[in-house]
Amino acid sequence: METKGKIFIVDDNEDVLLALNMLLEPHVEKIKVTTQPSRIEHFMTTFEPDVILLDMNFQRDAISGQEGFDCLERILAIDPEAVVLFMTAYADTEKAVRAIKAGATDFIPKPWEKEKLLATLSSAFKLRQSRQEVKRLQDI
């Protein structure tokens, strides 16, 4: 995976954040992580990530994914061109389809397969670059 960019990871499990940080550090420019969905707006505006890895389930509700969908809506309100990859241990087709329809770019089941995760992230960074180029050309 040849990637240069900034990634923001939101997950309430610190072990997941540590594992992703160690896995992704050699492949990206900068990584910011938080266990607090309430910090999303802060990191979106101060860090301006290229790709967001977003857990679907937090403490309030362990399996429906609704908190993740609420977070996705907030992210897209701040940056409509955001590239968001949902992560969940409770993956099913219905949630995956709903996630894509809601604006997520892709859906990563936990536990992830390392090579597949890296390939998905590489594609996500390329998509972000394409979206930024289109926006730049439209602004000319």
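The preceding data block contains the structure.
A brief report on the enclosed structure follows. (Residues numbered from 1 in each chain as written. Predicted model: local features only at pLDDT ≥ 70, side-chain atom pairs only at ≥ 80, totals over all residues. Heavy atoms only, no water.)

### Quick word on the pattern of salt bridges
1) Next: Taken as a whole and assessed by the stated rule, the structure comprises six salt bridges.
2) Next: For Asp-11, the salt bridge identified is with Lys-110, shortest N-O distance 2.6 Å. A residue pair is termed long-range when its members are at least 10 positions apart, and Asp-11 in the loop between β1 (6-10) and α1 (14-24) and Lys-110 in the loop between β5 (106-109) and α5 (114-138) qualify at 99 residues. Side by side, Asp-11 and Lys-110 carry an identical accessibility label, which is buried.
3) Next: A salt bridge links Asp-55 to Lys-110, with the nearest nitrogen and oxygen atoms 3.2 Å apart. Separated by 55 residues along the polypeptide, Asp-55 in strand β3 (residues 51-55) and Lys-110 in the loop between β5 and α5 bring together distant segments of the chain. Lys-110 matches Asp-55 in its accessibility class, with the two residues each being buried. (Salt bridge = Lys/Arg side-chain N within 4 Å of Asp/Glu carboxyl O. Helix = DSSP H or I, 4+ residues; strand = E, 2+ residues; numbered from the N terminus. Buried < 20%, exposed > 50% of the residue type's maximum accessible area, 1.4 Å probe, protein only.)

### Brief notes about α5
1) Next: Taking 1.5 Å per residue as the helical rise, α5 with its 25 residues ought to reach 36 Å, and the 36 Å between its terminal C-alpha atoms agrees with that figure.
2) Next: All of the buried residues along α5 are Leu-117, Leu-118, Thr-120, Leu-121, Ser-122, Ala-124, Phe-125 and Arg-128.
3) Next: Looking at the buried positions of α5, the neighbouring elements they touch are β1, α1, β3, β4 (83-88) and β5. (Expected span 1.5 Å × (residues − 1). Contact = heavy atoms within 4.5 Å.)

### Focus: the pairing of β4
1) Next: Among the six residues in β4, six count as buried, and that is most of the element.
2) Next: What you see with β4 is no split at all: Val-83, Leu-85 and Met-87 on one side and Val-84, Phe-86 and Thr-88 on the other are buried throughout.
3) Next: Here five bridges tie β3 to β4, and the two strands are oriented parallel to one another. Paired with Asp-55 across the two strands is Met-87, which belongs to β4.
4) Next: One ladder, built from four bridges, connects β4 with β5; its direction is parallel. Bridge pairing links Leu-85 to Asp-106 in β5.
5) Next: In this fold, the crossover linking β4 to β5 by way of helix α4 (residues 93-102) has right-handed handedness. (Pairing = 2+ DSSP bridges. Right-handed = clockwise from strand over helix to strand, strands pointing away.)

### Quick look at the side chain of Asp-50
1) Next: With respect to the helices, strands and loops of the structure, Asp-50 is situated in the loop between α2 (40-46) and β3.
2) Next: Buried charge Asp-50 goes without a salt bridge, the closest partner of opposite sign being Arg-128 at 4.1 Å.
3) Next: For Asp-50, the side chain forms a polar contact with the main-chain nitrogen of Lys-6, separated by 2.7 Å.
4) Next: With residues near it in sequence (within four places) discarded, Asp-50 still touches Gly-5, Lys-6, Val-83, Phe-125, Arg-128 and Gln-132. (Lys, Arg positive; Asp, Glu negative; His and termini not counted. Polar contact = N/O pair within 3.5 Å; in protein donor to acceptor, adjacent residues only side chain to side chain.)

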